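# Report on the structure
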Amino acid sequence: LWSKIYDTPDHDYGAQITAASDGGYYILKTLRPEADTFSTKAYLLKVDANGEQQWEVNLSGTGNDRALDMATTADGGLAITGVNMASGQDVFLLKTDGSGNILWRHDYLMPGRGAEGRRVVEDLNGDLVILANLVDSTATPFQQDIYLLKSDASGLPLWERNLGRKSYAEVGHALISTSDGGYLLGGSANSSAWPLGLMIKTDGNGIVKAGRITGNVLRDLDLDCSNTAADTPLNNWMVKASLTSDVYLYGTTDSMGNYQIACDTGDYVVQLIPPVNYWNPCVPQ
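Below, the structure is looked at part by part. Everything numeric in this text was worked out from a predicted model, so none of it was measured. (Residues numbered from 1 in each chain as written. Predicted model: local features only at pLDDT ≥ 70, side-chain atom pairs only at ≥ 80, totals over all residues. Heavy atoms only, no water.)

Quick look at the overall build of the protein chain now. The helix and strand inventory of the protein chain stands at 0 helices and 22 strands. Taking 19 Å as the expected radius of gyration for a compact globule of 285 residues, we find that the protein chain reaches 24 Å, considerably beyond that expectation. Across the 285 residues in the protein chain, those meeting the buried criterion constitute 40%. Taking all contacts inside the protein chain whose residues are at least 6 apart in sequence as the whole, residues at least 24 apart take part in 40%. Here the protein chain displays about 15,700 Å² of accessible surface, and carbon together with sulfur accounts for 53% of that area. (Helix = DSSP H or I, 4+ residues; strand = E, 2+ residues; numbered from the N terminus. Rg over C-alpha atoms; globule rule 2.2 N^0.38 Å. Buried < 20%, exposed > 50% of the residue type's maximum accessible area, 1.4 Å probe, protein only. Contact = heavy atoms within 4.5 Å. Areas by Shrake-Rupley, 256 points an atom, 1.4 Å probe, with all protein chains shown as cover.)

Shown next, in the form of structure tokens:
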């Protein structure tokens, strides 16, 4: 129907396009100035339904960003993510209104690691979820993992999940919010020379392992090794669940002494870890 080229004196790389409510389109791009080959900036371009440019804004200012994805939000704005190159390859997330005005920006700094925000979605609750690719140079051996970060509608971090596995180099490419409140991720996993297709389904908390080990830790005041009314809960105590010699999962108790540990199926040995040696658990360890 039509074809447009948006000519600039610089080098432009289109990252994403999404429909606007007025029938036009938003185009997210990374711009590399002709005069500075080491700098990149995120730009947002708005065109009408015929592809005619209406406006363009610099989202990076004097910073150094590589734009990778954007998503429309329920309030008519845009959530945009990518890589903050100035801080050493960290994930950035910013929010604009429908006119490209920046409402807020957050940079999620990860010292010793590098990450890029590859995909962003607004979920059913109005929270923002980023699929990131993480490179951890501090790990031995070198790790490349899929990372999931969730923030509220103002960009305040809620949680982060490393969904990577040992001995695999994993890269995320796609992310959707599912009707059950969870998330579906697509990408690839490489354990040797051949990458394989990868799909991950999580719940609304970014948890993959649907199994749970649950229990309760109490102070046995009457020394009968039974749960009686006199016993009091122990808060913030650590519990370890062991499956094999190299698979250890941990949980901590809440104010009522309850704990839960997400896990796969299997036969686990559960062990209480007292804070000091003056405590002895009743249950054999």
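Enumeration over the complete set of coordinates arrives at 2 aromatic pairs. For the pair tyrosine 26 and tryptophan 55, a centre-to-centre distance of 6.2 Å together with 55° between the ring planes defines the contact as tilted. Remark: tryptophan 55 occurs in strand β4 (residues 53–58) and tyrosine 26 occurs in strand β2 (residues 25–32); sequence separation between them is 29 residues. With a centroid separation of 4.8 Å and 85° between ring planes, the pair formed by tryptophan 237 and tryptophan 279 is classed as edge-to-face. In this pair, tryptophan 237 is assigned in the loop between β18 (232–233) and β19 (238–244) and tryptophan 279 in the segment after β22 (269–273), connecting sequence segments 42 residues apart. Note that lysine 46 overlies the ring of tyrosine 26, its terminal NZ or CZ placed 5.9 Å from the centroid. (Phe/Tyr/Trp six-rings, centres within 6.5 Å; stacked < 30°, edge-to-face > 60°. Lys NZ or Arg CZ within 6 Å of the ring centre and 35° of its normal.)

This part is about the nonpolar core. In terms of nonpolar packing, the biggest core is built from 15 residues, with Leu93, Ile130 and Leu149 touching the most fellow members. When residues of this core are assigned to their parent elements, the largest contribution, 4 residues, is made by strand β10 (residues 128–136). With near-sequence residues (within four places) excluded, leucine 93 lies in contact with Ala79, Ile80, Thr81, Trp104, Arg105, His106, Tyr108, Val120, Leu128, Ile130 and Ser151. If you look at the next biggest cluster of nonpolar residues, it comprises 13 residues, including Ile146, Leu148, Leu175 and Tyr183. (Core = buried A, V, L, I, M, F, W, Y, C linked by side-chain atoms within 4.5 Å.)

Turning next to the pairing of β2. Extensive coverage of β2 is indicated by the burial of 6 of its 8 residues. If you look at the hairpin formed by strand β1 (residues 11–19) and β2, you'll find 5 residues sitting between the two strands, and glycine 23 has a positive phi there, around 95°. Sheet analysis places β2 next to strand β3 (residues 41–47), joined by 7 bridges and oriented antiparallel. When the sheet's bridge partners are listed, tyrosine 25 is paired in β3 with valine 47. (Pairing = 2+ DSSP bridges.)

It is worth spelling out the pattern of salt bridges at this point. In this structure the tally under the stated criterion is 13 salt bridges. Between glutamate 56 and lysine 29 there is a salt bridge; the shortest N-O distance is 2.6 Å. Note that glutamate 56 is positioned in strand β4 and lysine 29 in strand β2, a separation of 27 residues in sequence. Among the residues examined, glutamate 56 registers a relative accessible area of 31% and is labelled partly exposed. Residue lysine 29 is classed as buried on the basis of its relative accessible area of 5%. One salt bridge connects aspartate 107 with arginine 105, and the closest N-O pair in it is separated by 2.9 Å. (Salt bridge = Lys/Arg side-chain N within 4 Å of Asp/Glu carboxyl O.)

On the secondary structure map, threonine 202 appears in strand β15 (residues 195–202). Ignoring sequence-local partners within four residues, the contact set of threonine 202 consists of Leu148, Leu163, Gly182, Tyr183, Leu185, Ile207 and Val208.

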